[in-house]
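What the coordinates show
Spelled out from the first residue to the last, the chains are:
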Amino acid sequence: MTIKRITFLQELLAFIGLEGRLHLSWISSAEAGKFVNVINEFTEKIRSMGPNPLKGYDLRPWLHTIDPAGDLGKNNQRLVPHEDLETV
Amino acid sequence: MDCKLIPSVCSYCGTGCGILFEVIDGALVSTLPLKTHPVNQGKLCIKGWNLHEHINSYMRLKAPLVRENGKLRKTSWDEAISKSAEAFSRTVALYGPDSVGVLVSAKITNEENYLAQKFTRAVIGTNNIDHCARL
Amino acid sequence: MESAKTVKQWLETGVVDIFLGYRLVEGHPVPHGYTRENLTEVEEMVTPEARYSLEKLATHLSSRHPEAKIGMFARDCSRRALNVLVIWNQLQGENIKTIDLNCCPSPLKKHAECSYLEPEEPGSYKLLGGIAKNAEIKETEARGQDERLSRWMYEMQKCIKCYGCRNICPVCFCRECSLEHPELVNPGRLPPEVPIFHLVHATHMAGRCVDCGLCEEACPMDIPLRLLYRKVNQIVSDVFDYDTGTSQEQSPFSVLGEKVTLTPKTLETS
């Protein structure tokens, strides 16, 4: 079941544009060497791909049409006023 | 066993999207958009999709309540209205008419909104009246 | 109407207990349940010019009256949805009778009332930064990874979390939806956690989506949902050999413990 879900998810993420960031490997708790190798290789691969493209993504590009100078988005303030409240 | 879909208009904001209420065996089950309605063309916002919950909510008031010693108890309409009138007169006498503010809403009819503003301006004597759509 | 006679006969002879058809209310075609007690109403039945999800009404009725026999008008996509609902135990197959409508285009009827077959012209900004509603999968896959991500984010961040796509989906029936879980989706904040929000729904629809297009019609922000779900269906049919809607077997995601021939991909360090 895991392999089915992971394969499906890998294909779906490739369609969205986040290819290659998900990997599946079955390692028994006795195979410590294999574990180390897989982790190192995967870390190398991710490093070479660059940081997560969604990190710090500006979720409001429509702002550029009404505020090209960026005055409203200064200091990363959100336009939603209840940003600081715990409940809405 | 009965299944009817009754067209209506959303009671929240001023847009007035077309709604279908799904009524199964006389009980309101869910809300659907009216696809051929010219205003919304089959699309709704989250408030419109959940109209049925608001109608059947356990939090709806079913009788006038008055607060005594910090607890709410059921009362009659006469007592509720006279108590509110007393409270209003007391506030206006103590602090002046501008201490009272009135907020009306898009959920009540235009006639009730008119009545509210007449009450605020003529009876209480203040201009402090506003509408939920301005917030 | 021709089918009015069939419906009357079915109700009278007890083939169905309730028939879900349409009636006109002030010019709008609205679904209505015709019963034996109100046989005269059947005269007013009309052909539907708007697409509503009668299968969802049938599931609501069936959960309250499990033994009821339900009849309805069924388009091509409705028949697929009914198939899926029967496989997922939401409806009993022997309690459903359908009058088939030909809604998808055929040699006799070119135009049909379907959101996909009557595409509107996408505007210039949408073509510049986003994805058009009637885009093909191959066309989208011809783009590079960065461009794909940027275009999908442009579309998905318009989401206003109306839950319309989930509410109107005929095969969506979970009582506790993950999209409403307060730990997974922050309540009261917009936009929702994109692209996770739409990808979660797409993953839950794997093995269930029948490509009826009602979700795209219900989206107020014109997000090209149908393209996403068609890709999901393509993955399910390519990798698992399962045709949602026409296959009679259980979905590959609901069967545990069977032998699979898939192998995990190897790590290529480029």
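Residues numbered from 1 in each chain as written. Chains lettered and ligands numbered in written order. Predicted model: local features only at pLDDT ≥ 70, side-chain atom pairs only at ≥ 80, totals over all residues.

What to know about the interface of chain C and chain A
The partner chain A presents 28 residues to the 31 residues of chain C that form the contact. Among the elements of the structure, α6 (145–156), α8 (196–204) and α10 (225–239) of chain C are those that each provide at least two residues to the side of chain C that touches chain A. (Contact = placed C-beta atoms within 7 Å. Helix = DSSP H or I, 4+ residues; strand = E, 2+ residues; numbered from the N terminus.)

Looking at the interface of chain B and chain C
With 21 residues of chain B at the contact, the number on the chain C side is 29 residues. Mapped by element, the contributors of at least two residues to the side of chain B that touches chain C are β1 (3–9), β2 (18–24), β3 (27–33) and α1 (46–49) of chain B. With four residues, the single largest contributor to the side of chain B that touches chain C is β1 of chain B. Among the residues forming the side of chain B that touches chain C, the class breakdown is 13 nonpolar, two polar and six charged. (Nonpolar A, V, L, I, M, F, W, Y, C, P; charged D, E, K, R; others polar.)

Describing the packing of helix α1 (residues 2–16) of chain A against α10 of chain C
Here α1 of chain A crosses α10 of chain C at 140°, and the two axes come no closer than 10 Å. By the angle between their directions, the pair α1 of chain A and α10 of chain C is classed as oblique. The element α1 of chain A and its partner α10 of chain C pack so that their crossing is right-handed. Residues Thr-7, Phe-8, Glu-11, Leu-12 and Phe-15 of chain A of α1 of chain A lie in contact with α10 of chain C, whose contacting residues are Lys-231, Val-232, Ile-235 and Val-239 of chain C. (Axes fitted to C-alpha atoms, helices over the stretch in contact; angles between N-to-C directions. Parallel < 35°, antiparallel > 145°, perpendicular 65-115°, else oblique. Left-handed = near helix turned anticlockwise from the far one by under 90°.)

A word on the confidence of the model for chain A
The predicted structure's coordinates, where accompanied by low pLDDT, should not be read in detail. Residues and elements named next belong to chain A. For chain A, per-residue confidence averages 74 on the pLDDT scale, and 62% of positions sit at 70 or higher. When mean pLDDT is taken per element in chain A, helix α2 (residues 32–49) scores highest with 90 and helix α3 (residues 63–66) scores lowest with 51. pLDDT under 50 marks residues 77–88. Its contacts with residues more than four places away, or in other chains, come to six contacts. (pLDDT = per-residue confidence, 0-100.)

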